Amino acid sequence: MEQLKTIGRELAMGSQGGFGQSKEFLDLVKSIGEARSKAEEDRIVLSEIDILKRRLLEPDIPKRKMKEYIIRLVYIEMLGHDASFGYIHAVKMTHDDNLLLKRTGYLAVTLFLNEDHDLIILIVNTIQKDLRSDNFLVVCAALNAICRLINEETIPAVLPQVVELLNHQKEAVRKKAIMALHRFHRKSPSSVSHLISNFRKRLCDNDPGVMGATLCPLFDLISEDVSSYKDLVSSFVSILKQVTERRLPKSYDYHQMPAPFIQIKLLKIMALLGSGDKNASEIMSMVLGDLFRKCDSSTNIGNAILYECIRCISCILPNPKLLEAAADAISKFLKSDSHNLKYMGIDGLGRLIKISPDIAEQHQLAVIDCLEDPDDTLKRKTFELLYKMTKSSNVEVIVDRMIDYMISINDNHYKTEIASRCVELAEQFAPSNQWFIQIMNKVFEHAGDLVNIKVAHNLMRLIAEGFGEDDDDADSKLRLSAVESYLQLISEPKLPSLFLQVISWVLGEYGTADGKYSASYISGKLCDVADAYSSDETVKGYAVSALMKIYAFEIASGRKVDVLPECQSLIEELLASHSTDLQQRAYELQALLALDARAVESILPLDASCEDIEVDKDLSFLNGYIQQAIESGAQPYISERERSGMFETTDYHPQDHHEVPSHALRFEAYELPKPSGPPQASNELVPVPEPSYYSESHQPVSTSLVSERESSEIKLRLDGVKQKWGRPSYQSTTAASSTTQQAANGTPTHSDAGVGSSSSKPRSSYEPKKPEIDPEKQRLAASLFGGSSSRTDKKSSSGGHKPAKETVNKPAAVPKENQTPVQPPPDLLDLGEPTATTVTAMDPFKELEGLMDSSSQDGGSSDVMGLYSDAAPVTTTTSVDSLLSELSDSSKGNPHTYQSQTSKGPNTKEALEKDALVRQMGVNPTSQNPTLFKDLLG
Amino acid sequence: MIKAVMMLNTQGKPRLAKFYDYMPVEKQQELIRGVFSVLCSRPENVSNFLEIDSLFGPDSRLVYKHYATLYFVLVFDGSENELAMLDLIQVLVETLDKCFSNVCELDIVFNYSKMHAVVDEIVFGGQVLETSSAEVIKAVEEISKLEAASNSISLVPKSVSGWRGR
């Protein structure tokens, strides 16, 4: 039956054409699918490799066959076997004229090679050629390959073509070109830094898909440097508004949501731009409020947008209404049955809790449910939330929970993380030192080897230094409790090494200090440790040193020391140890035992681990000796650095110089154009905005005015649109939205009222819904959230102060924002205001839509600026009109400059050079002789 | 950024694996095995998200969806939205479903290069390129049509008819 089905499938596949494969391949896949074990699978694959190796050596392989071999190679490599013997054939296939073969070649090459592979040099030339192809599918394939195969050194070789493709008539190509440029930026920001303005320009592309693609690089750029993109805030907001108002073509809808992925990217960008910026936050608040009302929370993607709104609100400076809306959305997430939504809810809670700490209290039971959920992901997210909301009142419960969970898991990576969090919380909020030591013991016991060694040192220091106050009594109590707990633990099998080191140190230092335990008892225990962990030299070293201290204290206090027999044998064993460290410690111990009380006391005084030891680094006590030696004719000392420095200048450099050229011969052709070629070319390509950005980064103060003007020129279309909407309409809708929101919420005062008596009130509101809540859970909830009620009061009052503080901070930002419109005469923002009232009757978006349609009809004018100059008459101001036409002219002129650049610039020369080099080395792209390649690549 | 797209079957065999940063073959295998061992230990009816720093480095998340015999897996960093990625898997599956009418594991195995073409249309260099399955199908069809046209040699495998006769 199974087989029949298979055959049926294959028949169906035959009709699909284009992607079919031969029986051999199908057999291979089938037999691998049926393999019972990994060994069997390996055997099949190895025999396949043998077959392919033989086949590939045959002369005159038909292209169709070759294509299939390549696919088989890819398949083999996916299964984890080395297919490098066939890479060269894949490279050769990219040279083919047949589209199918070329695509297969590119596919294989992108999967096989990394950007630093030697074979890449053979592909760069082909990519260059393909990027200029008339067939857009070829161009797309090449762009796809670029993303994976081009490294910093080869970027300049393809950069001009990619930039040119940004104006390609096919939107699919423009989209991919932007993403390729984005990829370059990720790989080596410096190589495309002069082209960044292109991203801004493409934001106004009349294809929404291209605009959406531009958001990816802009997101990266903005997260690197927020301040220089503040001017785009209103553009992003107005794009988002257009999207949510369904101004995009229907084809961008996904599950009835308009372009959700674009919305999400925009919200992410807005979160970056709005953080700590009151002005920007205010601009955004309106559209965010809209989104909360509009989002359909019944679909997955709708919830994705809701979550992104919450995230955005947690980053910006939100108004109380937005916060309330976010809190509502979170509670919807948390009440949902879907684990995914709960996860998002917990995550959102963790973000919002920073702004309004009392928000978690309404959800305490939901949080505890998540904590006990069988879903590990959810549990971890909840621990992250708890970690964020820990304070001194609930630290004990939270850390206990964390430790229980830490003990229960096996995943070392996460164990380390949660252990370090426990330690951090314990160090920060510990209610008592006793508790701290207990927690540390638990952490060390269960995750000892995963803890940072610093933690151990901190613990030792804490025990040695005590509270830091002059309360010796409490200190000694603390030490005694530590010693007692260690003596209990020490007999447990298999303690982590780091923990044993701490134990040994503490026992040595304070084991006998209190007089409760005798020296022989402690030393017996220490010997046991050294015996039980005989393979761990560090532990042994600590144990021997601890023994030494104990005996030293005994001797110093005048008591008679009898060394235990097992101790004696340990010392003897260590005297002959292979480890010089252990040997030395043992000899020292032996020597110490023979000294008298006074000498011992000065060597190892009681409880002096915190005293500073003065070290004379300059060895000044040797000065006299040195002086004597020099006087009697010795050479003065030359420091090591000086000696090696001399080596570097005399020997190393020339050698280095000789080596490089011979080794890097092949790459020279590509490196040539870097300084002279592309940067210059692109300077000319983007005449208007580019130079100002350049200078802006160098001298931000003097040129900021100019650059701001110019950046507004780029975003002009969107800004004009926004302005037309005008302020009045904004305000009226805000008022409306606020009332509807309150009505929808039902109990808007709930969270406000809950602040005072928060610990009891929210819980009671939950009780009717869930009649039988585990009392234990309630107790847990109370201990987690309860203690905060007094604190919330404080917080909420401080929250009242906060906005005031922000406004104090703000003026620094405000004037800057205000300056923009008042600036140089040709600024478009100026006219936005007057026209705002006159043009309100016309729907600007309709116009834009119409423009998009018309431009897609005639197909040719994909030029944005041109588009805008058509729209300009609406604004009816002659000076602007002329400016716009100027602009559009210059941008229309661009393609020509591109072409002339590529045709007579350094690129063709470079291509020729490369071609010559390749030929010279015997590599002819169309040659059929694979052995030549072998010689080359050896 | 999306770091990887994977399709694994329920026995842990990779059916398609695409990494958007270069990984040596051994590392790829290690990651695939690591991902599978995490996935197969997840109970039913839990969330589709995983934080997977231990395999892919800090701030990496994973979203998966289990369809019949296949796991669809996306690995990405903090600049993407988990729920949206879940829907991206949905887009991918919907697209495949339309491409192969009722897609199953065998389709994916036997149409290896077409699979790659589809994934390339949806995710490009680690960024989401297209989320409308209709658009993706249009692009893929266009490719196959042009390929067929530019292809002088017949590609309908003789072997299929040969096998049928067997």
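Above this text sits the structure in question.
As the structure is a prediction and not an experimental result, all values here were calculated from the model.

1. A word on the overall build of chain B
Stage number 1. For chain B, the count of helices and strands is seven helices and seven strands.
Stage number 2. Order of helices (α) and strands (β) in chain B, N terminus to C terminus: β-β-α-β-α-β-β-α-α-α-β-β-α-α.
Stage number 3. The buried share of chain B, taken over its 166 residues, is 66%.
Stage number 4. Sequence-distant contacts, at least 24 apart, represent 49% of the contacts inside chain B between residues at least 6 apart.
Stage number 5. For chain B, the accessible area works out to roughly 6,000 Å², and carbon and sulfur atoms hold 51% of it.

2. Re the pattern of salt bridges
Stage number 1. Evaluation of the coordinates by the stated rule reveals 41 salt bridges over all chains.
Stage number 2. With its nearest N and O atoms 3.2 Å apart, the salt bridge here joins Lys176(A) to Glu121(B). Taken together, the positions of Lys176(A) in helix α10 (residues 171–187) and Glu121(B) in helix α5 (residues 112–122) put the pair across two chains.
Stage number 3. Judged by relative accessible area, which is 6%, Lys176(A) ranks as buried.

3. Focus on the pairing of strand β4 (residues 60–67) of chain B
All names here are of chain B.
Stage number 1. For strand β3 (residues 49–51) and β4, the ladder comprises three bridges, and the chain directions are antiparallel. In the strand pairing of β4, Leu-50 is matched with Leu-62.
Stage number 2. As paired strands, β4 and strand β5 (residues 70–77) are joined by eight bridges and run antiparallel to one another. When the sheet's bridge partners are listed, His-66 is paired in β5 with Tyr-71.
Stage number 3. Two successive antiparallel strands, β4 and β5, enclose a turn made up of two residues, where Ala-68 displays a positive phi of approximately 45°.

4. Quick word on the interface of chain B and chain A
Stage number 1. Taken together, the contact between chain B and chain A spans 78 residues of the former and 80 residues of the latter.
Stage number 2. Between chain B and chain A, the buried area comes to about 7,700 Å², and carbon and sulfur atoms account for 59% of it.
Stage number 3. Summed over the shared surface of chain B and chain A, the number is six salt bridges.
Stage number 4. Of the charged contacts in the structure, one is a salt bridge between Arg183(A) and Asp21(B), with a shortest N-O distance of 3.3 Å.
Stage number 5. When residues of the side of chain B that touches chain A are assigned to their parent elements, the largest contribution, eleven residues, is made by helix α3 (residues 82–100) of chain B.
Stage number 6. For the side of chain B that touches chain A, the residue count by class is 35 nonpolar, 23 polar and 20 charged.

5. Remarks on the packing of helix α26 (residues 472–489) of chain A against helix α27 (residues 497–510) of chain A
Residues and elements named next belong to chain A.
Stage number 1. Between α26 and α27, the shortest axis-to-axis distance is 10 Å and the interhelical angle comes to 130°. Overall, the two elements α26 and α27 adopt an arrangement that is oblique. Helix-helix and strand crossings are classified by hand; for α26 and α27 the assignment is left-handed. Together, Arg-479, Val-483, Tyr-486, Leu-487 and Leu-489 of α26 and Phe-499, Val-502, Ile-503, Val-506, Leu-507 and Tyr-510 of α27 make up the contact between the two elements.
Stage number 2. Grouping the amino acids of the contact of α26 with α27 by side-chain chemistry returns ten nonpolar, no polar and one charged.

Calculation criteria
Residues numbered from 1 in each chain as written. Chains lettered and ligands numbered in written order. Predicted model: local features only at pLDDT ≥ 70, side-chain atom pairs only at ≥ 80, totals over all residues. Heavy atoms only, no water. Helix = DSSP H or I, 4+ residues; strand = E, 2+ residues; numbered from the N terminus. Buried < 20%, exposed > 50% of the residue type's maximum accessible area, 1.4 Å probe, protein only. Contact = heavy atoms within 4.5 Å. Areas by Shrake-Rupley, 256 points an atom, 1.4 Å probe, with all protein chains shown as cover. Salt bridge = Lys/Arg side-chain N within 4 Å of Asp/Glu carboxyl O. Pairing = 2+ DSSP bridges. Buried area = accessible area lost by both parts, 1.4 Å probe. Nonpolar A, V, L, I, M, F, W, Y, C, P; charged D, E, K, R; others polar. Axes fitted to C-alpha atoms, helices over the stretch in contact; angles between N-to-C directions. Parallel < 35°, antiparallel > 145°, perpendicular 65-115°, else oblique. Left-handed = near helix turned anticlockwise from the far one by under 90°.

Coordinates in, geometry out; function isn't part of it.
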